[in-house]
Amino acid sequence: MSSDAEAQQPQPEETNNLSSSSSAGNAKIISTLVVAVIALIVGSVALSRTSSSNSSPNTKQHQQQHEGVDDKDDLTATSSTAPNPSGTLSAVSSSGILKCGIIPVTGFADNSSGTWEGMDADLCRAVAGGIGAEVEFVATTFTSRWEDLKSGQIDLLSAYSTHTMERDVHQSSVGEGFCWSAPYFYDGATYAGIPDAVACLDKQSPRLSSPVLVNFTTNNSTDSGDDCSNNIKLCVQSGSTTITAANKVLPKENIIGSPTLQSVFDNFISGKCTAIAGGRAEVAPASAKKSGYDGAYEVGAKLWLRDPLAMAGRDDDQRWCDVIFWTQQALFAAEERNLTQSTASEMSPTSVFGEKFQDFFVNVVKAVGSYAEVYARNVEAIIPRGGFDIINTGESGILHSMPFGDLSVEGDNPLANPESTISKIHKRGHLRCGITRRASFAEFNSETLEFEGYDVDFCKAISAAIFDGPVDNIVYVNLPASSRFQYLQDGSVDVLSRITTHTLERDVKEPTTGQGFTFTVPNYYDGLHFGGIPPYGQCADNLDTQSAECKGVKICVNEGTTTEAGVRELFGDQFIFPMSGGEASLRGLVTGECNVVAGGNHDVAIGSVQSVGYDGPYEIGVKTHSKDPLAIVTREDDPSFSDFCYWVVQATIFAEEEGITQSTAGSKMPLTNLFGALFRRMLQNAVQAAGNTGELYSRNVERLIPRAGLNQLNTGGPQMYSLPGI
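Reference entry: report on the structure contained in this document. (Residues numbered from 1 in each chain as written. Predicted model: local features only at pLDDT ≥ 70, side-chain atom pairs only at ≥ 80, totals over all residues. Heavy atoms only, no water.)

1. As for the packing of helix H15 (residues 454-467) against helix H25 (residues 693-700)
When two helices pack together, their arrangement is given by the angle between the helix axes and by the axis-to-axis distance.
Reasoning step 1: Where H15 meets H25, the axes come as close as 9 Å, and the angle between the chain directions of the two elements is 140 degrees. Between H15 and H25, the interaxial angle falls into the category oblique. You can see that H15 and H25 cross each other, and the crossing is right-handed. Between H15 and H25, the residues in contact are Tyr454, Asp457 and Phe458 and Leu696, Tyr697, Arg699 and Asn700, respectively.
Reasoning step 2: Tallied by class, the residues present in the contact of H15 with H25 amount to 4 nonpolar, 1 polar and 2 charged. (Axes fitted to C-alpha atoms, helices over the stretch in contact; angles between N-to-C directions. Helix = DSSP H or I, 4+ residues; strand = E, 2+ residues; numbered from the N terminus. Parallel < 35°, antiparallel > 145°, perpendicular 65-115°, else oblique. Left-handed = near helix turned anticlockwise from the far one by under 90°. Contact = heavy atoms within 4.5 Å. Nonpolar A, V, L, I, M, F, W, Y, C, P; charged D, E, K, R; others polar.)

2. What about the layout of surface pockets?
Reasoning step 1: What the largest pocket holds in volume is close to 930 Å³.
Reasoning step 2: Thr503, Thr562, Glu569, Pro724 and Gly725 are, among the 40 residues lining the largest pocket, the residues nearest its centre.
Reasoning step 3: Looking at the lining of the largest pocket residue by residue, the class counts come to 15 nonpolar, 15 polar and 10 charged. (1 Å grid on protein atoms, 1.4 Å probe; cavity = no way out; pocket = protein on both sides within 12 Å on 5 of 7 lines; lining within 4 Å. Points joined across faces, edges and corners; volume = space filled by probe spheres on them.)

3. Description of empty space enclosed by the protein
Reasoning step 1: All told, the structure shown has 6 cavities of 30 Å³ or more when counted by the stated rule.
Reasoning step 2: Taken together, 40 residues line the largest cavity, and the ones lying closest to its centre are Trp180, Ser181, Phe325, Phe519 and Tyr646.
Reasoning step 3: Residues that form the lining of the largest cavity fall into these classes: 23 nonpolar, 11 polar and 6 charged.
Reasoning step 4: Here the second largest cavity is characterised by a volume of approximately 110 Å³.
Reasoning step 5: Across the lining of the second largest cavity, the residue classes break down as 4 nonpolar, 7 polar and 5 charged.

4. Some details on the state of the cysteines
Reasoning step 1: Per the counting criterion, the structure on display carries 6 disulfides.
Reasoning step 2: Through a disulfide, cysteine 179 is tied to cysteine 321; the S-S separation comes to 2.1 Å. Torsion about the S-S bond of the cysteine 179 and cysteine 321 cystine: about -90 degrees, corresponding to left-handed handedness. Taken as a pair, cysteine 179 in strand S7 (residues 178-180) and cysteine 321 in helix H11 (residues 318-336) lie far apart in primary sequence, 142 residues in all.
Reasoning step 3: By relative accessible area, which is 9% here, cysteine 179 ends up buried.
Reasoning step 4: When its relative accessible area of 6% is taken as the criterion, cysteine 321 is described as buried.
Reasoning step 5: One disulfide in the model links cysteine 235 with cysteine 273; its S-S distance is 1.5 Å. Remark: cysteine 273 occurs in the loop between helix H8 (261-269) and strand S11 (275-279) and cysteine 235 occurs in strand S9 (residues 234-237); sequence separation between them is 38 residues. Taken as a pair, cysteine 235 and cysteine 273 share a single burial class, namely buried. (Disulfide = S-S within 2.5 Å. Buried < 20%, exposed > 50% of the residue type's maximum accessible area, 1.4 Å probe, protein only.)

5. Here we look at the pairing of strand S10 (residues 255-258)
Reasoning step 1: Here S9 pairs with S10 via 4 bridges, running parallel. Note that in S10 the partner of leucine 234 across the bridge is isoleucine 255.
Reasoning step 2: Remark: the S9/helix H7 (residues 241-249)/S10 crossover connection has right-handed handedness. (Pairing = 2+ DSSP bridges. Right-handed = clockwise from strand over helix to strand, strands pointing away.)

What follows is the structure, given as C-alpha cells:
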C-alpha cells in the first residue's frame, strides 16, 4: 500500500556514500549545480576500487539530484539464466501432461488403492488443474529426486521435501539450486521405535531451539552421562535432512541408511534397527502399522530439526516457478475467503499467466479445494492440524526463518561469472540500492548527515554481505513509486529496499515493465490505514461518505502505489486526490487539499504527519483494509543474486530467534560456502551490519509504530498466509 511506495519527486535522487576524501560517515549536501562533476568523480573512484572492495574506503556522503540514473548496467546479456515464458508452462499445457515427482509417505502420497492419494498428490493435481493438464505421477526417492527434477524427468517435485538454503542455492548432488513454493506443511524430524530405544533418544537428543538444524556441538541432553545410545541402531532414509541430524546424535556406525520409507520399516521389522527417524508423518504409528509393524511402538518427545515442506521447480524457468508458488498461495487464499471446492468459481480471474489461463485460480481450487480441505482430507487423521499449519489472520507473529541445511557445501562463486549481478556490483565498487524517503524507513539525518532507517539498514546488510563487511559501498537512489520497477529492470538500481508490497501482479507481470520480479520473504507486514482531521479520519475508516458529517471526505493518496489501488476499491473517484509522492500526500493536510491521508500504518502515524509540518487535530482509524507484506525486490534474470538477498533477510530473522545480536554476530552467526569461499561470512556480515530483526525494528520503527502482530517472531503459532493479488 502506500506502505508501498513513494518518492516525493518524479525523478530519482541519488545519494552516494563514495568519495576519495574525508573520513567514513561524514557527509555534506552538494548543490545540484555541481552534480555532474561529482558524479564523474564518484564514478572514477568507484571503478578504481574494483580490486580492493573488501577494504572499507574513506567516505563522504553526497546527496545528488538529477534527471535520471545514467550509471546503469548493460543488461542486454543476462546476468544468469533469463526467464523463459514459453518453457515448462507452455510444454505442459501443450502436452496436457504434468509429470509430478512423488515419494510415498502416509498422508502425503499413497497409491495402495491404485490411485495416488495424499497432500503431495493433491498439490500435483492443484498445479495441473490450474493449467488444464492431467497428472502423471512419477515415483522418485530422496536420493534421486533432485537429479530427476534437474534432468526434466519430472516437471514438479511435490515429495515431502524441505526448503533449505542449501537446496535453494546449490543442492550438492546436482550442483544447482531450485525454486520453491511457500511451505505447505511444517514438519519436523523426530524418532520412533521400541520404547526403550525411544526413551534413550529422548535423553540423548538436544532440544530444538530454532527452525534450523540443531547445533549439536554442545551436549544438551537431559542426562549427559547416559551412554545408552551406543546400543541403538537407527534406520533412516538416505538423502534426507533427517539423516544429517541423525549423524549428530549417534555414531555413524549406529545408523543404517535405506533408499525408501518402506525399506526403513522393513529393516526395523526384521530387527536390524531398534528405532527409526524421519518426519512426523513418516514415523507416525499409522505409518508403522501400514508398513506391517504391530509390536510395541512409541514416538519420541523431541524434534531434531524443523522441516518446512514445499513444492520445488527448476530455477531456470521463472514463469514456471511462479505457477508453482501461486498455486500454493491460491489454496491459502481460498481458505481465508471461506471458499471451497464447490464454490471455486468465486475465485478471482487473472491475466498474469496469459488469456489462456485466466481461470487459473478457479481451476486450482476446483481441482482440490482450499488448503483446509486438502489438510482435512489427507493429514488430519495422522497429525491433527495446529501450530504453524493454521492460517495467520494477523493477530500473532509470522517472522520465522527457514532452515539453512548443509552450509559447508561449496557452491558457485558468483564472481566467476562476469555477467552476474554481484560481479557487476564488485566491478563498479558499490551497491545501487533503491529507497524512498519515509519516516523510520529512509530518512536523512541532519545531524549525522547520513541516511538511516529500516530500509537503509537492509541496504547495508546486503552491501556488507557482498563486500565482506563494509557498509559504505552504497549509492542510495530515491525512486518514485510510478517508475521504481523500470529503474530496477533497466539496471539503474540493483535492488529495491523501499516499502514495496509483494503482490501477484508484481511477481509475475508487473504492468509498467511487462516483467516479473523476485521478492524476498517479507521483512515488514503493513496494510491500508486511514488517518485524518476529525471526524474525517473515522469517516474514511468506516467507509462512510453518506453521513452528514462525512460528505466532505477528501483522501490524499500516493499515486502509482497499491495504496491508490486499494483506496479506489473502497471509494469513488470524487473522494480521491492522487499526489505525486508519499510526503506530498501527507502535506495535503497542511495545504488543505485533503482532510484524510491513506497509507501504511507508518504513513498515517502521528509522527509521519508531524514530520511534514501538520500539527492540528488528528485521528487514526483502527481498521486494516488490506494486506501489504513489504519485501526486498530483485530482477528475475539472476536467481543467484535473488537467493543472496533472500538469505540476507533470513539471516536477520534467524539471528533474533537465536538471540544473536549485531555485537555477537561475528562469533555466533554460521559460516557458509554456498556462494563460494569468498562469501563465507555473508550471514555474519549481514547481521553485524544491520542487527537482527528485533534490533532493526527497535532502532528504526518502534518509535513510530510499536511492534505487534505479524511483525513479531512466530514462536509456534499460525504461519500460513496468502499474499495479496488473488
